[in-house]
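# Tertiary structure, described
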Amino acid sequence: MSLTLTRTDLLKEQNFIDGQWCDSSSGARYEVADPASGAQFAAVPASCAVDAAQATAAAQAALPAWRALPARERARFLKRWHALIVANTDDLAKLMSREQGKPLAEARGEVAYGASYVEWFAEEAVRSYGDVIPAQVRGKQLTVTKEAVGVVAAITPWNFPLAMIARKIAPALAAGCTVVAKPAEDTPLTALALARLAEEAGLPAGVLNIVTTSRDRAQDVVGAWLADARVRKITFTGSTAVGKLLACDSAGTLKRLSLELGGNAPFIVFDDADLDAAVDGLMAAKFRNGGQTCVSPNRVYVHDAVYAAFTQKLAARVEALRVGPATWEEAQIGPMINARAVDKIEAHVRDALAKGGRLVVGGKRVNDGVASGPNYYAPTVIAEANHDMALASEETFGPVVPLFRFSDEDQVVKLANDTPYGLAAYFYTRDIVRVARVAERLETGLVGINEGVLASEAAPFGGVKESGYGREGSRYGLDDYLQTKYRCQGGLA
Ligand code: SIN
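Below, the structure is looked at part by part. (Residues numbered from 1 in each chain as written. Predicted model: local features only at pLDDT ≥ 70, side-chain atom pairs only at ≥ 80, totals over all residues. Heavy atoms only, no water.)

### Let's talk about the overall build of the protein
- What the protein contains, in helices and strands, is 15 helices and 22 strands.
- The C-alpha atoms of the protein give a radius of gyration of 23 Å, which matches the 23 Å a tight globule of 493 residues would have.
- Along the longest, intermediate and shortest principal axes, the C-alpha atoms of the protein span 75 × 60 × 40 Å.
- Relative to its full complement of 493 residues, the protein shows a buried share of 57%.
- At a minimum sequence separation of 6, the contacts of the protein that also span at least 24 residues come to 74%.
- Of the roughly 18,700 Å² of accessible surface on the protein, a fraction of 52% belongs to carbon and sulfur atoms.
- Computed over 53 positive and 57 negative side-chain charges, the separation of the two mean positions in the protein equals 5 Å. (Helix = DSSP H or I, 4+ residues; strand = E, 2+ residues; numbered from the N terminus. Rg over C-alpha atoms; globule rule 2.2 N^0.38 Å. Buried < 20%, exposed > 50% of the residue type's maximum accessible area, 1.4 Å probe, protein only. Contact = heavy atoms within 4.5 Å. Areas by Shrake-Rupley, 256 points an atom, 1.4 Å probe, with all protein chains shown as cover. Lys, Arg positive; Asp, Glu negative; His and termini not counted. Charge placed at Lys NZ, Arg CZ, Asp CG, Glu CD.)

In structure tokens:
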């Protein structure tokens, strides 16, 4: 796949520290590969702790002036950045598709999605209100103000290379924080292009710093931030295992944490559901980004009475999905991110079939004239899924739909909640009393009711239980980057 950008300066292959584009202190680099073909097409710094510390020093030095700016001025910067992101949608989408593999139409959608957070937080920047508390005695005034947390380290995943970093950086900058960020090893280029646009929007040096690094040095960079008392907050999207390590390793300096971690989302189809709407919702939720999404339904529970009809309708839709490279305008499912991802999907499917699953659609790698490469997997439906299968308890993170049977509301809600995770859940029913009952009982941060598309810049995104804590988007998302100061002034009587 050729990478022809209108603006060639958006392909950056250096770190962005203190307003400068620079190599790693050791000069080490690593290659970025196209997941469609495995071919390497760019190289970026394999940074180490020294580079991480330089970024922290720059962010710390920039903090006082940035924090002291009137919120409206920070908002103006975010608005300029938003406009530049939108104006460069095509180039950003091409870069993202090339390094991540998602179809171009989906990548364009992600640019709009990520940009919407920047616009939202430009608007929220001017609304970080405090409080005046009625004093309990005469002569005192009690006020509460919100202040920027300080330097924030953002560690972002490969599945949404633009949206995830945008929805961390935008609220941080809006609140008056400065940022050091490490994009995922597989997808550093979109983040660097965003930094280029931030530079163009006039962001002062040091306010945003991007440090790229390879998988084997990631611990070095992140470890430097974890140990550094100047970094006051870590915001992370990724696996629960890594989230727990960050929680432990940041304890030494008691940093604030926002952790958006793994999920194991249930999707429930009750016997009174509108089956066509449920199939539409499942297609949208499950096959977004080829199933490589933390809110993607991982367990689909279908009532016995509608199991056969639902399976048939779903199978027809899944069979029709077009698998291919990002450059093919008709592609709906791109390659998986890398060989490890396809190996895991394959292992889950093999295990499910060995444990009594019935293959309805897919169930194999694809390597044909259109989808030609090592990382394609066919959209798959497995009927008669059960809870002994690995896919019932582990996130598959791929285009596989296991269909479980159920017969009773109580039973299915218990099954849905029987997981350490609690990010998203979905259910379809036409019974309005059941809507209230089930929504309340589901132990997740997000609930889709007759709806498969949940995320929006205006709504709080985040989980409970081992899916993490903190919220992104909405007014709650700004709170994650603010700390509360109480002032008590006496002698006023
Ligand atoms: C994620 O998969 O990490 C986020 C998905 C979303 O924003 O909807």
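### So, the site of the ligand
- Neighbouring the ligand are 13 residues; Tyr-113, Asn-159, Arg-167, Arg-288 and Cys-294 lie closest to it.
- Taking Glu-260, its side chain carries an N or O atom lying 3.5 Å from an oxygen atom of the ligand.
- Within the side chain of Arg-288, an N or O atom sits 2.8 Å from an oxygen atom of the ligand.
- Considered on its own, the ligand offers 260 Å² of accessible surface; in the complex 99% of this is hidden by protein.
- More than half of the atoms of the ligand fall within 2 Å of the grid points belonging to the largest cavity.
- Grouping the constituent residues of the shell around the ligand by class yields seven nonpolar, three polar and three charged. (Near = heavy atom within 4 Å. Polar contact = N/O pair within 3.5 Å; in protein donor to acceptor, adjacent residues only side chain to side chain. 1 Å grid on protein atoms, 1.4 Å probe; cavity = no way out; pocket = protein on both sides within 12 Å on 5 of 7 lines; lining within 4 Å. Sits in = over half its atoms within 2 Å of the grid points. Nonpolar A, V, L, I, M, F, W, Y, C, P; charged D, E, K, R; others polar.)

### Things to note about the sheet that holds strand 5 (residues 131–133)
- Strand order across the open sheet formed by three strands is 5-6-22, with antiparallel pairing between neighbours. The open sheet terminates on both sides in strands that have one partner only, identified here as strand 5 and strand 22 (482–489). Each strand of the sheet is rotated relative to its neighbour by a mean of 25 degrees, with strand direction disregarded.
- As defined by bridge partners, strand 5 adjoins strand 6 (residues 141–148) across three bridges and the pair is classed as antiparallel. Bridge pairing in strand 6 places Asp-131 opposite Val-144. (Pairing = 2+ DSSP bridges. Axes fitted to C-alpha atoms, helices over the stretch in contact; angles between N-to-C directions.)

### Section: the sheet that holds strand 19 (residues 446–449)
- Spatially, seven strands are ordered 14-15-16-13-12-18-19 in an open sheet, and the strand pairing comes out mixed. The sheet is open, and its two edges are formed by strand 14 (358–361) and strand 19, each paired on a single side. The mean angle between the axes of side-by-side strands here comes to 25 degrees, regardless of whether they run parallel or antiparallel.
- The strands touched by helix 11 (residues 339–354) are strand 14, strand 15 (380–383) and strand 16 (400–406); relative to strand 15, the strand with the most contacts, the crossing angle is about 25 degrees.

### Some words on the pattern of salt bridges
- Inspection of the entire model under this criterion finds 34 salt bridges.
- Among the salt bridges present, the one from Arg-108 reaches Glu-329, with a minimum N-O distance of 3.3 Å. One end of the pair, Arg-108, is in helix 4 (residues 104–124); the other, Glu-329, is in the loop between helix 10 (304–319) and helix 11, and 221 residues separate them in sequence.
- Residue class for Arg-108 comes out partly exposed when judged on its relative accessible area of 29%. (Salt bridge = Lys/Arg side-chain N within 4 Å of Asp/Glu carboxyl O.)

### What to know about the side chain of Lys-286
- Counting through the fold element by element, Lys-286 comes out in helix 9 (residues 275–287).
- A polar contact is formed between the side chain of Lys-286 and the backbone oxygen of Pro-297, at a distance of 2.9 Å.

### Things to note about the packing of aromatic side chains
- Using the criterion set out here, one finds 10 aromatic pairs in the structure.
- Between Phe-16 and Trp-21 the ring centres are 4.6 Å apart and the planes differ by 35 degrees, which places this aromatic pair in the tilted class.
- Clustering of aromatic rings is evident, with ring pairs tying together Trp-66, Phe-77 and Trp-81.
- Note that Lys-233 overlies the ring of Tyr-481, its terminal NZ or CZ placed 4.7 Å from the centroid.
- The ring of Tyr-307 carries the charged tip of Arg-405 above its face, separated from the ring centre by 3.9 Å. (Phe/Tyr/Trp six-rings, centres within 6.5 Å; stacked < 30°, edge-to-face > 60°. Lys NZ or Arg CZ within 6 Å of the ring centre and 35° of its normal.)

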